[in-house]
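# Structural overview for review
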Amino acid sequence: MSLSSSFTDFSLAELFQLIDQGRKSGCLTVCTLPDLQSPISKSQYFYIWFRQGKVVAAAHNLRGQELSSKIVKRGWANLNVIEKACNEAPTALPLGLLLKTESLLTAEQLNLLFANQLQKVRELFEIQQGVFKLDSKAALPLEEMTGLSLRATEVALMALRALKNWKALVDVLPNPSSSIKSISHAKPQIRLHACEWQVWEFANGSVSLDAIAKQINQPLALVQQATFRLMLAGLVEEVPILTSTTDLNDDSLNWDLIGDPELNRQKAKESEAFKINTSFLQNLVGFLKSKT
């Protein structure tokens, strides 16, 4: 299966959410479009590999030498030693894990290599114009894999928290007049930032984002962005503000709600609604409740 689209139709954040929720595997090819204002600008390609909804590797090309080149450049191992370890390995393993097994790399070094790959992925979220293709049949490149992985949603959240320009995501941000409702009553297991926690505390469907921003003394744009991240993490959903039901302690009564045909006909003939006193209304409410 393959999926192709442009960032104008589908944001990278939404795509990562789809990959995570669907536990997709394969290769995501991202192509940036050249800047028409610059004659030397060219399209650039980047490749991200997923396994069961997790990011496992990333590279600028498909030659399979980027990870080993980084290891050599950092002086952690030379190319001959890496090639020898790969040739003598009894089973196929991710390059990073293989070199750690041979004591050529430490766990800390693997973390640094994987963090460098994730940093390149996060930079893609700054792209304003580009296209992508997700190929679920693409083989995983063991030579570019450290053996580490991270959920696609976690990667997207990290990228969005550091995102400076939200122009490309303006159309998918929640409406300021909408409210949010928690999808799960359990406390979020995913690590949230301070603003995200503050917004999540209002996820009861009764407070608009605009009102939340005023309550926590934060710009509306930041509250919308925090809400979008909570939605991306599957913690909340955007909903209309819950409206209260008719207050039966009001001085006026809508007889249509009682359902007496004779009274309805009488009301239609009159120019004013019936007026009743508060004590009678309270007695009536009690009577109606006793009949249910």
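Sequence positions are assigned chain by chain, starting from 1 and proceeding in written order. Per-residue local features of the predicted model are confined to residues with pLDDT of at least 70, and side-chain atom pairs are confined, for both listing and counting, to 80 or more; whole-chain, interface and lining totals are unaffected and use all residues. Note that the side-chain values use all heavy atoms of the structure and ignore hydrogens as well as water.

## A closer look at the sheet that holds strand S7 (residues 179-182)
Judged by pairing direction, the sheet is antiparallel, and its three strands sit side by side in the order S8-S7-S9 without closing on themselves. Because the sheet does not close on itself, it has two edges, and the strands there are strand S8 (204-208) and strand S9 (236-239). Geometrically, the sheet is characterised by an average inter-axis angle of 30° between neighbouring strands, direction not taken into account. Alignment of S7 against S9, held across four bridges, turns out to be antiparallel. Across the sheet, Ile180 pairs through a bridge with Glu238, a residue of S9. At least two bridges found by DSSP between two strands is the condition for calling them paired. Helix and strand assignments follow DSSP, with helices taken as H or I runs no shorter than four residues and strands as E runs no shorter than two, numbered in order from the N terminus. Interaxial angle, 0 to 180 degrees, is taken between N-to-C directions of lines fitted to C-alpha atoms, where a helix line uses only the stretch in contact.

## Considering the nonpolar core
With 51 residues, the main nonpolar core has Phe16, Leu28, Ile48, Phe125, Leu160 and Val199 as its most contacted residues. Of the residues forming this core, the biggest block, six residues, is contributed by helix H6 (residues 152-162). Domain start and stop positions are those given by an automatic or database domain assignment. Both of domain 1 (2-163) and domain 2 (173-240) provide at least three residues apiece to this core. Note on definitions: a residue-residue contact is assigned when non-hydrogen atoms from the two residues lie within 4.5 Å. Residues within four places of Leu160 in sequence aside, it is in contact with Ala13, Phe125, Trp166, Leu169, Phe228, Arg229 and Leu232. Grouping buried Ala, Val, Leu, Ile, Met, Phe, Trp, Tyr and Cys residues that are joined through side-chain atoms within 4.5 Å yields what is termed a nonpolar core. When accessible area is computed with a 1.4 Å probe and restricted to protein chains, residues below 20% of their type maximum are described as buried, those above 50% as exposed, and intermediate ones as partly exposed.

## Considering H6
Of all the positions in H6, only Ala152, Thr153, Val155, Ala156, Leu157, Ala159 and Leu160 are classed as buried. Against helix H1 (12-21), strand S3 (44-51), strand S4 (54-59), helix H5 (107-123), strand S6 (150-151) and helix H9 (220-232) lie the buried residues of H6.

## Details of the environment of Tyr45
Topologically, Tyr45 is positioned in strand S3. For Tyr45, a relative accessible area of 46% translates into the label partly exposed. Separated by twelve residues in sequence, Tyr45 and Leu33 have C-alpha atoms that sit 9.4 Å apart. When sequence neighbours within four positions are dropped, the list of residues in contact with Tyr45 reads Thr29, Val30, Cys31 and His60.

## A closer look at the packing of H1 against H9
Between two packed helices, the angle of one axis relative to the other and the distance separating the axes together describe the packing. Their axes nearest at 10 Å, the elements H1 and H9 cross at an angle of 25°. The orientation of H1 relative to H9 falls into the category roughly parallel. For the pair H1 and H9, contact is made by Ala13, Glu14 and Gln17 and by Phe228, Met231 and Leu232, respectively. Its residues assigned to classes, the contact of H1 with H9 shows four nonpolar, one polar and one charged. Geometric relationships in this document are graded by angle, where less than 35 degrees denotes roughly parallel, more than 145 denotes roughly antiparallel, 65 to 115 denotes roughly perpendicular, and other angles denote oblique. Residues were grouped as follows: Ala, Val, Leu, Ile, Met, Phe, Trp, Tyr, Cys and Pro as nonpolar; Asp, Glu, Lys and Arg as charged; and all remaining residues, including Gly, as polar.

## Some remarks on the packing of aromatic side chains
Pairing of aromatic rings covers Phe, Tyr and Trp, the last through its six-membered ring, and needs centres within 6.5 Å; plane angles under 30 degrees mean stacked, over 60 mean edge-to-face, and all others mean tilted. Taken as a whole, this structure holds six aromatic pairs when the rule is applied. With a centroid separation of 5.4 Å and 85° between ring planes, the pair formed by Phe16 and Phe50 is classed as edge-to-face. A residue pair is termed long-range when its members are at least 10 positions apart, and Phe16 in helix H1 and Phe50 in strand S3 qualify at 34 residues. In this structure, Phe16 and Phe50 share a single accessibility class: buried. Cluster of aromatic residues (ring-pair linked, three or more members): Phe16, Phe50 and Phe125.

## So, helix H2 (residues 66-73)
Every buried residue belonging to H2 is among Glu66, Leu67, Ser68, Lys70 and Ile71, and all of these are buried. Check the buried side of H2 and you find it contacts S4, helix H3 (79-88), helix H4 (95-101) and H5. Of the residues trailing H2, Gly75 is marked for its positive phi of about 75°.

## What to know about the side chain of Gln225
In this fold, Gln225 is placed in helix H9. A relative accessible area of 12% places Gln225 in the buried class. Any pair of nitrogen or oxygen atoms within 3.5 Å is treated as a polar contact; in protein, a donor-acceptor pairing is required on top of that, and neighbouring residues in sequence qualify only through side-chain atoms on both sides. Among the polar contacts made by the side chain of Gln225, one reaches the side chain of Trp166 at a distance of 3.5 Å. Discounting residues that sit within four places of it in the chain, Gln225 has contacts with Trp166 and Leu173.

## Things to note about the environment of Ala92
In this fold, Ala92 is placed in the loop between H3 and H4. What makes Ala92 exposed here is its relative accessible area of 65%. It is 9.9 Å that separates the C-alpha atoms of Ala92 and Glu143, two residues lying 51 residues apart in sequence.

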